[in-house]
Amino acid sequence: MFETLFAALAELMTLQHLGFMTLGVVLGLMVGVLPGLGGIVGLSLLLPFLYGMDQTSALAMLIGLVAVIPTSDTFASVLMGIPGSTASQATVLDGFPMSKRGEAARALSAAFSASMIGGVFGALVLTGFVVIARPLILSFSSAELFALAIFGLSMVGVLSGSNLAKGVGAAGLGLVFGSIGSAPATGEYRMEFGTLYLMDGVPLVIVALGLFAVPEIVDLLRSGSSISSSSRLGRGWMDGIRDTWIHKWLMLRCAGLGAIIGAIPGLGGSVVDWIAYGHVVQTSKDRSNFGKGDVRGVIAPESANNAKEGGGLIPTLLFGIPGSGSMAVFLAGLILLGVQPGPAMADRNLDITYTIVWTLAIANVVGTLLCIIAAPGIARLTTIRYTLIAPFMIMVISFAAFQATRSIYDLVALLAVGIVGIFLKRFGWPRPAFLIGFVLAEQSERYLYQAVQFYGWGFLGRPLVLAIIAITLISIWLGARRRPGEQSASVATEGAADLAKASALWPQILFAVVVLGTFAFALYESMMLSQLGGIFPTWAAVAGALATIIVLVPLLRGRVQSSANFDMEAAPRENDDPFGAWGMVAWLAAFVGVVALFGFFIALVLFFLAFLRVMAKASWPMTLILTVAAAAFILTLANSLNLVFPGGWLQEAYDLPWPLR
Amino acid sequence: MTKLGRRGFLAAAGGTLAAAALPGSRALAQGVNFAGRNIEWVIPFSEGGGSDAWARFLAPYLSRHLPGQPNVIIRNVPGGGSITGTNEFMARARPDGLTFIGTSGSTQFPYLLGDPRVRYDYEVMPPVLVSPTGGVVYLPARFGIQDASQLGQLADQELVYASQGATSLDLVPMLAFLVMGLNVRHVFGMTGRGDGRLAFERGEATIDYQTSAAYLSNVQPLVDAGTAIPMFSWGVMDAQGNVQRDPTFPDLPHFVEAYEMMHGQPPSGVEFDAYMAFFASGFAAQKPAMLPKGTPPEIVATYRQAFADAINDPELQANKEAALGAYEQAVGDDVEPLYRVATTISEDARSWVREYLTQNHGVTF
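The rules behind the values
- Residues numbered from 1 in each chain as written.
- Chains lettered and ligands numbered in written order.
- Predicted model: local features only at pLDDT ≥ 70, side-chain atom pairs only at ≥ 80, totals over all residues.
- Heavy atoms only, no water.
- Helix = DSSP H or I, 4+ residues; strand = E, 2+ residues; numbered from the N terminus.
- Buried < 20%, exposed > 50% of the residue type's maximum accessible area, 1.4 Å probe, protein only.
- Contact = heavy atoms within 4.5 Å.
- Areas by Shrake-Rupley, 256 points an atom, 1.4 Å probe, with all protein chains shown as cover.
- Lys, Arg positive; Asp, Glu negative; His and termini not counted.
- Charge placed at Lys NZ, Arg CZ, Asp CG, Glu CD.
- Buried area = accessible area lost by both parts, 1.4 Å probe.
- Salt bridge = Lys/Arg side-chain N within 4 Å of Asp/Glu carboxyl O.
- Polar contact = N/O pair within 3.5 Å; in protein donor to acceptor, adjacent residues only side chain to side chain.
- Nonpolar A, V, L, I, M, F, W, Y, C, P; charged D, E, K, R; others polar.
- Axes fitted to C-alpha atoms, helices over the stretch in contact; angles between N-to-C directions.
- Parallel < 35°, antiparallel > 145°, perpendicular 65-115°, else oblique.
- Left-handed = near helix turned anticlockwise from the far one by under 90°.
- Phe/Tyr/Trp six-rings, centres within 6.5 Å; stacked < 30°, edge-to-face > 60°.
- Domains from an automatic or database assignment.
- Core = buried A, V, L, I, M, F, W, Y, C linked by side-chain atoms within 4.5 Å.
- Pairing = 2+ DSSP bridges.
- Expected span 1.5 Å × (residues − 1).
- Arc of directions from axis to C-beta.
- Disulfide = S-S within 2.5 Å.
- Patch = residues over 30% accessible without salt bridge, like charges linked within 9 Å, V, L, I, M, F, W, Y side chains within 5 Å.

Thoughts on the overall build of chain B
In terms of regular secondary structure, chain B is built from 15 helices and 12 strands. For the C-alpha atoms alone, the extent of chain B along its principal axes is close to 65 × 45 × 35 Å. Burial analysis of chain B (365 residues in total) assigns 60% to the buried set. Residue pairs in contact within chain B that sit at least 24 positions apart in sequence constitute 77% of those at least 6 positions apart. Surface summary for chain B: the accessible area is close to 13400 Å², and the carbon and sulfur share equals 50%. Considering chain B, the positive charge centre built from 25 side chains and the negative charge centre built from 36 side chains are found 10 Å apart.

Structural notes on the interface of chain B and chain A
Contact residues are listed per partner, giving 50 residues for chain B and 46 residues for chain A. Taken together, the two surfaces of chain B and chain A that pack against each other cover about 3900 Å², and 54% of this comes from carbon and sulfur. On the surface where chain B and chain A come into contact, there are four salt bridges. As a salt-bridge pair, Asp655(A) and Arg94(B) come within 3.0 Å of each other at their nearest N and O atoms. Between the two partners, chain B and chain A, sit 19 residue pairs in polar contact (both at pLDDT 80 or more). At the level of elements, helix H3 (50-65), strand S2 (71-76), helix H4 (83-92), strand S6 (159-162), strand S7 (184-187), helix H7 (193-201), helix H8 (212-224) and helix H13 (321-324) of chain B are the ones that each hand at least two residues to the side of chain B that touches chain A. Top contributing element to the side of chain B that touches chain A by residue count: H3(B), with seven residues. Here the residues of the side of chain B that touches chain A are counted per class, giving 20 nonpolar, 14 polar and 16 charged.

Quick word on the packing of helix H7 (residues 104-138) of chain A against helix H14 (residues 296-319) of chain A
All names here are of chain A. At a closest axis distance of 6 Å, the pairing of H7 and H14 adopts a crossing angle of 30°. It follows from the interaxial angle that H7 and H14 lie roughly parallel. Considering the relative orientation of H7 and H14, their crossing is right-handed.

As for the packing of aromatic side chains
Residue and element names in this part refer to chain A. Scanning the model with the defined rule gives 51 aromatic pairs over all chains in all. On the numbers, 6.5 Å between centres and 70° between planes, the contact of Phe454 with Tyr455 is edge-to-face. What makes Phe454 buried here is its relative accessible area of 14%. Its relative accessible area of 26% is what places Tyr455 among the partly exposed residues.

Concerning the domain arrangement of chain B
Residues and elements named next belong to chain B. Looking at chain B, the domain boundaries give domain 1 (6-132 + 285-350) and domain 2 (135-281). Between domain 1 and domain 2, the residue contacts involve 18 residues of the former and 21 residues of the latter. For the pair domain 1 and domain 2, the summed buried surface comes to about 1600 Å²; carbon and sulfur atoms form 71% of the total. Interface area lost by domain 1 to domain 2 is led by Phe109, Leu113 and Tyr327, which between them contribute 37%. If you look at where domain 1 meets domain 2, you find zero salt bridges. Run the count over domain 1 and domain 2 and you get six residue pairs in polar contact (both at pLDDT 80 or more). Looking at the side of domain 1 that touches domain 2, the elements that each hand over two or more residues are helix H5 (105-113), helix H14 (335-343) and helix H15 (347-361). Tallying contributions element by element places H5 first for the side of domain 1 that touches domain 2, with six residues. Of the residues assigned to the side of domain 1 that touches domain 2, the class counts are 12 nonpolar, five polar and one charged.

Focus on the nonpolar core
In this structure, Phe330(A), Tyr386(A) and Phe399(A) are the most contacted members of the largest nonpolar core, which totals 221 residues. Ranked by residue count, the leading element in this core is H7(A), at 14 residues. Discounting chain neighbours no more than four positions away, the residues touching Phe330(A) are Leu43(A), Leu59(A), Leu62(A), Ile63(A), Leu313(A), Thr316(A), Leu317(A) and Ile356(A). One finds Met125(B), Val130(B), Ala148(B) and Met190(B) within the second-largest nonpolar core, a separate group that totals 94 residues.

Comments concerning the environment of Leu478(A)
Inspection of the secondary structure assignment puts Leu478(A) in helix H20 (residues 463-480). The spacing of Leu478(A) and Ser284(A) is 194 residues in sequence and 9.6 Å in space, taken between C-alpha atoms.

Here's the deal with the pattern of salt bridges
Under the defined criterion, the tally for this structure stands at 30 salt bridges over all chains. With a shortest N-O distance of 2.6 Å, Arg101(A) and Glu103(A) are connected by a salt bridge. For Glu103(A), a relative accessible area of 23% translates into the label partly exposed. Two residues, Glu652(A) and Arg92(B), come together in a salt bridge whose shortest N-O distance is 3.1 Å. One end of the pair, Glu652(A), is in helix H26 (residues 649-653); the other, Arg92(B), is in helix H4, on a second chain. What makes Glu652(A) exposed here is its relative accessible area of 54%. Several salt bridges converge on common partners, so that one network encompasses Arg101(A), Glu103(A), Arg106(A) and Asp243(A).

Some details on the pairing of strand S5 (residues 135-140) of chain B
Residue and element names in this part refer to chain B. Within S5, six of the six residues are buried, which leaves the element mostly enclosed by the surrounding structure. Two strands pair when backbone bridges link them, and S5 and strand S8 (residues 208-211) are joined in this way by four bridges, in the antiparallel orientation. Residue pairing across strands places Val137 opposite Tyr209, the latter belonging to S8.

Examining helix H17 (residues 386-401) of chain A
In this model, H17(A) (16 residues) spans 21 Å end to end at C-alpha, consistent with the 22 Å of a helix rising 1.5 Å per residue. Along H17(A), 15 of the 16 residues are buried, which leaves the element largely enclosed by surrounding structure.

Structural notes on the sheet that holds strand S1 (residues 38-43) of chain B
Residues and elements named next belong to chain B. Strand order in the open sheet made by the five strands is S2-S1-S3-S12-S4, with mixed pairing throughout. Sheet topology places S2 and strand S4 (127-131) at the edges, where each strand pairs with a single neighbour. Neighbouring strand axes in the sheet, compared pairwise and without regard to direction, differ in orientation by 20° on average. As judged from the four bridges shared by S4 and strand S12 (residues 287-290), these two strands associate in the antiparallel manner. Paired with Leu129 across the bridge in S12 is Ala289.

With respect to the environment of Ala205(B)
Tracing the chain through its elements places Ala205(B) in the loop between H7 and S8. For the pair formed by Ala205(B) and Arg92(B), sequence separation is 113 residues and the distance between their alpha carbons is 44 Å.

Notes on the environment of Val329(A)
In this structure, Val329(A) sits in helix H15 (residues 325-336). Placed 290 residues apart in sequence, Val329(A) and Gly39(A) show a C-alpha to C-alpha distance of 8.4 Å. Setting aside anything within four residues of it in sequence, one finds Val329(A) in contact with Ile40(A), Leu43(A), Ser44(A), Leu47(A), Glu47(B) and Gly48(B).

Here's the deal with the side chain of Ser113(A)
Residues and elements named next belong to chain A. Checked against the element boundaries, Ser113 lands in helix H7. Judged by its relative accessible area of 14%, Ser113 falls in the buried class. Apart from residues no more than four positions distant in its own chain, Ser113 is found in contact with Gly240, Ile241 and Thr244.

Concerning helix H24 (residues 600-614) of chain A
All names here are of chain A. With 15 residues, H24 extends 20 Å between its outermost C-alpha atoms, agreeing within 8% with the 21 Å of an ideal straight helix rising 1.5 Å per residue. Residues of H24 that are buried: Phe600, Phe601, Ala603, Leu604, Phe607, Phe608, Phe611 and Leu612. One face of H24 carries all of its buried residues, which in axial projection span an arc of 155°. As for H24, its buried residues are in contact with helix H10 (204-223), H17, helix H18 (408-426), helix H23 (580-598) and helix H25 (620-640).

What about the state of the cysteines?
One pass over the structure, following the stated rule, counts zero disulfides over all chains. With no disulfide of its own, Cys254(A) lies closest to Cys371(A) among cysteine sulfurs, the gap being 20 Å.

Observations concerning unusual backbone geometry
The backbone of Lys617(A) sits at a positive phi, close to 50°, despite the residue not being glycine. The topology assignment puts Lys617(A) in the loop between H24 and H25. Phi is positive for Gln69(B), which is not a glycine, with a value near 40°. With respect to the helices and strands, the residue Gln69(B) is situated in the loop between H3 and S2.

Regarding a nonpolar patch on the surface
Residue and element names in this part refer to chain A. Taken together, the side chains of Met1, Phe2, Phe6, Val131, Ile132 and Leu136 define a hydrophobic patch exposed on the protein surface, amounting to about 600 Å² of accessible area. At three residues, H7 tops the list of elements feeding residues into the nonpolar patch. Mapped onto the fold, Phe6 is located in helix H1 (residues 2-12).

A short note on the sheet that holds S5(B)
Residue and element names in this part refer to chain B. Strand order across the open sheet formed by three strands is S8-S5-S9, with antiparallel pairing between neighbours. Two strands in the sheet have a free side with no partner beyond their single neighbour: S8 and strand S9 (228-233). For this sheet, the mean inter-axis angle between neighbouring strands, taken without regard to orientation, is 35°.

What follows is the structure in structure tokens.
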């Protein structure tokens, strides 16, 4: 084993191989910086070049890219409050408040150092574990995976803020949204309204961007300022590294957590960061600052999400089972290179596996260094007036959104989920809880059904299932116990409730009634299905409806002091747009509308011109320069992905040349 | 199935027949030149799937052998279980030879089943390549079944198969087990054949199949370790539509042989007809590449020739193992018959399958 390990290192240590690795790393960093774009897009950019490359170089390039995306996606999470990719959603909770406070440098350096160590740790786990992992992975059957999904759902308790009922309600809403599309047990279509688009469900990237990015962009635009309230950015780099050192055990625990959860096929990487975040909240003595800019809330998810890649490679290589979308594309890359994953990867082809291990470790280090070099420049974005940045953000997130099915419906879905996100944020329904429900909806349903099919209800007595249930209970208890002097045992993910006590309750009541109506609709739809196909959304809707009623009661009674009373609009704002949030939503809706008429590219150019002139009040030269830059950027990206932009009525009627078609 | 106007049908059939019947496609292909052009190969699946890998492997060779060496790029149009992208291609693609499509069994099945969301019609798209694939059905060694002739011993035992869904590619094993008379319970919701293999290795599933490449790399070790025993391969189809042994597994009986070993007579009946239609569409001719409706015969001939040359490219032959397996790719004159078998089903067989799926698995059409 060790001989192979060092032979693989020697093989990798040529200028050519390292050069290709760095190429992958640089591309990964660039893709990771753009919000919403992750491994799938990055790997798709590389796939056309794999043909004819030698195996080691190609592997180095692919792994270099995969390894650093969870490092560079931190930029968007910390600086913009937009999850850079699905792996760093939880980083937003504390990272973004830190950069608003002017501590962006500290948050970034803590995140990068934690990412690097997490990534190297993941590579280490892969080294040793890959040889013995088969029986361990096989011991996680559908029953254990179901228990793990429940463990993931239990994190909702920690992320519910001051009102648990809203957390459960939001998670229920996520579960209902997540059950759109075909039922795992029967293949029946649920709540797809007869459309092809909803057959496969709403894509995760759209839900994540809609929930987090759209409300944040709208909010920042309304305030009309720059992101950072302080223009001081240069300092704090050492503080962040010191923070990581102080919390080294936390970091290692979270890295271990990330590697293990990544290695279990079927759970997927999208909840790793939330579980790590939940873990740090549960095990910390002083948790008053979580959600308001506690550096531990950055270190935990960032160390876990890089370690996850090392773990995630284990089932991909050993069983050919990709744990995530990007691993699926990586798998296709392997096949193009003539590598068949299987048990031989821990045996006859161990040299290939160890090439991957070394690349993973080295790429993490190189990636971190490059991020640190690039950080001061990128961090300066937070001092620019946000109205100048917003159109670029909207361009990138809509580009990321239509990666899902390459159609305008992706943009419509983004807008719809975005409006839901704006209301959730405004009324203090925790969006992380919604997202966890959404991500785990399909998994919990599928694995419950399969576990019952394979083992009967006796699956609950399997030793490993019992162990996971015990861990879940301990974790709930750890999270729920209140320490002396604490107001609440969980993190206010939507901001401090005391500032948002409204005297006019009707907007909140109206929203809660709409939520209740959604649950009622889901319940009604489930009645139309077979028992197996309908039982899961039924339960999710019932639980969500009960929680919503608990939220509604104090509101209907007019109890202003209740923890259910939360309306961000009641909190004082320094600046505001005359039309409030609706003005910004109207801009987005107009953009989607123009896409429907003239296609994405023309709409983008028009949007840039109009927005920069009207909202940002930029001069004509400035407007033109920024518009041309945006158009050039998007054309380059689309061209290298062989992408045709979503078309509209114009494209339907006329055959136009690319990029207009 | 989509109703086709008689005139449209005749015109299309005429077009494809003309392309097939004209001798010497090389002669016909002259005059077509794609130099300096970009050719789009539409794949109605996302990056990273089996069809994507198939197209990406073939694209550089096709590019090399099309006249003028155009750039062949893959355009993924995912969504709607591949129906979306194929519908769009059918409605929009121009018959100028600059765009063509590659589909898979998961695109053919809803068409064969008469899914109302399907707006494409295989009959009018001229095929230029058909790629087969195969797989092997295996059992746990603990059952003590040595080969297919002993399968009858399992008659009163319930087997469990981990399936991706009743209308997915796993419809083929479902029909196969049914025709054979095996008592199999299908547990749905697997996200790929890899999931099914894992369930088998854990002892949850007690019968499974893997496609050839996955079988060789992941199941053969189990067979060598004495924990799994292969029963039969799906087999491949010759130009006459007869099932033959899989070249990857020449020592294993194919499905029809296995049936005979078990029952002493060849299979027949509407169930078997249905099985054959879906087997052809899901395995023997799983991935066809087609040009848009109404493409001129000389362009069709150019593509057929280019694919034939590409497949015979020594470099492709040397590298094809991981992407294509040992299967003979249908090119030139072999394309048409295989394509027809894979994209047609008798009305009896179709209504029988629909009825069966509705009755037993609650599928609504």
